[in-house]
Amino acid sequence: ERDAPSLEGAAGLSSSGITLKNVSSSELSKHASAEDCWVALFGKVYDFTDFVNEHPAGPEAILRSAGKDGTEEFEAIHAKSMLDDFDPIGILR
């Protein structure tokens, strides 16, 4: 008999059914480069590493928010619905 996977520390499920993990500000800050780019938006954490170089305004626009909460800057430019194309990887705690 196999044990069920532990969901300890799990924050919930994404819309695609992926378990979201809790991400601290400290952990988020470790992912602040073009090679490893996480951004918190509206309380959720997104891995934009594969999107950095595809961003229409250039990589610098995303990299300004890499490793931190970029909600204010994002909201000033984008509709929240633009995030519908991306699945969060975690919840900022």
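What counts and how
- Residues numbered from 1 in each chain as written.
- Predicted model: local features only at pLDDT ≥ 70, side-chain atom pairs only at ≥ 80, totals over all residues.
- Heavy atoms only, no water.
- Helix = DSSP H or I, 4+ residues; strand = E, 2+ residues; numbered from the N terminus.
- Buried < 20%, exposed > 50% of the residue type's maximum accessible area, 1.4 Å probe, protein only.
- Phe/Tyr/Trp six-rings, centres within 6.5 Å; stacked < 30°, edge-to-face > 60°.
- Pairing = 2+ DSSP bridges.

1. Some words on the overall build of the protein chain
Okay, so step 1: When its secondary structure is counted, the protein chain shows three helices and six strands.
Okay, so step 2: Secondary structure elements of the protein chain, listed N to C terminal, follow the sequence β-β-α-β-β-β-α-α-β.
Okay, so step 3: Put simply, the protein chain has 93 residues, and 31% of those count as buried.

2. Comments concerning the packing of aromatic side chains
Okay, so step 1: All told, the structure shown has five aromatic pairs when counted by the stated rule.
Okay, so step 2: Between Tyr46 and Phe48 the ring centres are 5.6 Å apart and the planes differ by 5°, which places this aromatic pair in the stacked class.
Okay, so step 3: Assessed through its relative accessible area of 6%, Tyr46 is described here as buried.
Okay, so step 4: Relative to Phe86, the ring of Phe48 lies with its centre 5.1 Å away and its plane at 85°, an arrangement referred to as edge-to-face.

3. Remarks on the pairing of strand E4 (residues 36–41)
Okay, so step 1: The element E4 is extensively covered by neighbouring structure, given that five of its six residues are classed as buried.
Okay, so step 2: In this sheet, E4 lies alongside strand E3 (residues 32–33) in antiparallel orientation, the contact comprising two bridges. Paired with Ser33 across the bridge in E4 is Asp36.
Okay, so step 3: The antiparallel hairpin formed by E3 and E4 contains two residues in its connecting segment.

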